[in-house]
Amino acid sequence: MSIEFRKATAADIDRIGEIYEAIHTESECGRTYTGWVRGVYPIKGTAAAALGRGDLFAEESEVVGAAIINRTQVNVYADTPWEVPAPDDKVMVLHTLVIDPYVKGCGLGRAFVEFYENYARENGCISLRLDTNVLNLNARSFYGKLGYKEVAVLPCVFNGIEGVRLVMLEKKL
């Protein structure tokens, strides 16, 4: 089975919001840890804002996964000792990759990261960057297996959430 991805549409926003809520529930029940906070980040408005910018992507068939892919490096990125020197227009960033918890483990996350990497290549980028909460051990392990290197852990306020320690990851294309 081939997994395809596309730019999200307005019709996808409710479904992506449902995925955010399902992940918040999994975290609140102790089955995962993201460091995200229900009602703060991510919320349906996070997806709607990304749709408005044109940088929201979704899994093609049933929308069981979504991500924001762009060149936007949030403030803490400026304090990161990146190992791959690259001007901003040669960097692609993966934000808020989500997979519906009810379909996890079927390779969708790996396929989405592959899509992100190919999208970055097609857009002339040489460096891939992303971040995750230091306590999100599943994400850290996942990205490590895909060749992403942890280059720093930095304290910050993340999308209105105080006391976050972000792991900054990168990969050279």
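Residues numbered from 1 in each chain as written. Predicted model: local features only at pLDDT ≥ 70, side-chain atom pairs only at ≥ 80, totals over all residues. Heavy atoms only, no water.

Quick notes on the packing of aromatic side chains
Any pair of aromatic rings gets described here by the distance separating the centres and the angle formed by the planes. Taken as a whole and judged by the stated rule, the model has eleven aromatic pairs. Plain terms: the ring middles of Phe115 and Tyr119 are 6.1 Å apart, the flat faces sit at 25° to each other, and that makes the pair stacked. With a gap of four residues between them, Phe115 and Tyr119 both fall in helix α3 (residues 108-122), about one helical turn apart. Each member of the aromatic cluster is reached from another via a ring pair, and the members are Phe5, Phe57, Phe112, Phe115 and Tyr119. (Phe/Tyr/Trp six-rings, centres within 6.5 Å; stacked < 30°, edge-to-face > 60°. Helix = DSSP H or I, 4+ residues; strand = E, 2+ residues; numbered from the N terminus.)

What to know about the nonpolar core
Taken as a class, soluble globular proteins show a tendency for nonpolar side chains to be buried jointly. Core analysis: the largest hydrophobic core is formed by 31 residues, its most contacted members being Ile16, Leu56, Val76, Val98, Phe158, Leu166 and Met168. Contributions of two or more residues to this core are made by α1 (13-28), α2 (44-53), β2 (56-59), β3 (65-70), β4 (91-99), β6 (149-158) and β7 (161-172). Leaving out residues up to four positions away in the same chain, Val98 has contacts with Ile19, Tyr20, Ile23, Trp36, Val64, Gly65 and Ala66. One finds Val64, Tyr119, Ala120 and Cys125 within the second-largest nonpolar core, a separate group that totals 26 residues. (Core = buried A, V, L, I, M, F, W, Y, C linked by side-chain atoms within 4.5 Å. Buried < 20%, exposed > 50% of the residue type's maximum accessible area, 1.4 Å probe, protein only. Contact = heavy atoms within 4.5 Å.)

Here's the deal with the sheet that holds strand β5 (residues 127-133)
Pairing within the open sheet is mixed, and its seven strands lie in the order β1-β2-β3-β4-β5-β7-β6. The outermost strands of the open sheet, each flanked by one partner alone, are β1 (5-7) and β6. For this sheet, the mean inter-axis angle between neighbouring strands, taken without regard to orientation, is 30°. Pairing of β6 with β7, which is carried by eight bridges, proceeds in the antiparallel orientation. Across the sheet, the residue bridging to Leu154 is Leu166, located in β7. (Pairing = 2+ DSSP bridges. Axes fitted to C-alpha atoms, helices over the stretch in contact; angles between N-to-C directions.)

What to know about the environment of Glu60
Checked against the element boundaries, Glu60 lands in the loop between β2 and β3. Sequence separation of Glu60 and Ala8 is 52 residues, and the distance between their C-alpha atoms is 8.7 Å. With residues up to four places along the chain from it excluded, the contact list for Glu60 reads Glu4, Phe5 and Arg6. Reaching out from Glu60, the side chain makes a polar contact with the side chain of Arg6 at a distance of 3.5 Å. (Polar contact = N/O pair within 3.5 Å; in protein donor to acceptor, adjacent residues only side chain to side chain.)

Some details on the pattern of salt bridges
Tallied over the entire structure, the rule returns twelve salt bridges. The residue Arg15 makes a salt bridge to Glu18 at a minimum N-O spacing of 3.3 Å. Note that Arg15 and Glu18 are positioned in helix α1 at a spacing of three residues, about one turn of the helix. Of the residues examined, Arg15 reaches a relative accessible area of 21% and is grouped as partly exposed. The class for Glu18 is partly exposed, based on a relative accessible area of 46%. Put simply, Arg31 and Glu26 hold a salt bridge, and the shortest N to O gap is 3.0 Å. Residues joined by salt bridges that share partners form a network here, namely Arg6, Asp12 and Glu60. (Salt bridge = Lys/Arg side-chain N within 4 Å of Asp/Glu carboxyl O.)

Considering unusual backbone geometry
In the segment running from Tyr41 into Pro42, the intervening peptide bond is cis, with an omega of -15°. Within the fold, Pro42 resides in the loop between α1 and α2. Phi at Val63 takes a positive value of approximately 50°, unusual for a residue other than glycine. Locating Val63 in the fold gives a position in the loop between β2 and β3. Accessibility expressed as a relative area gives 5% for Val63, which makes it buried. Despite not being glycine, Thr96 shows a phi value in the positive range, around 50°. Mapped onto the fold, Thr96 is located in strand β4. Judged by relative accessible area, Thr96 falls into the buried class, the value being 9%.

Such coordinate-based values are descriptive only and should not be taken to indicate function.
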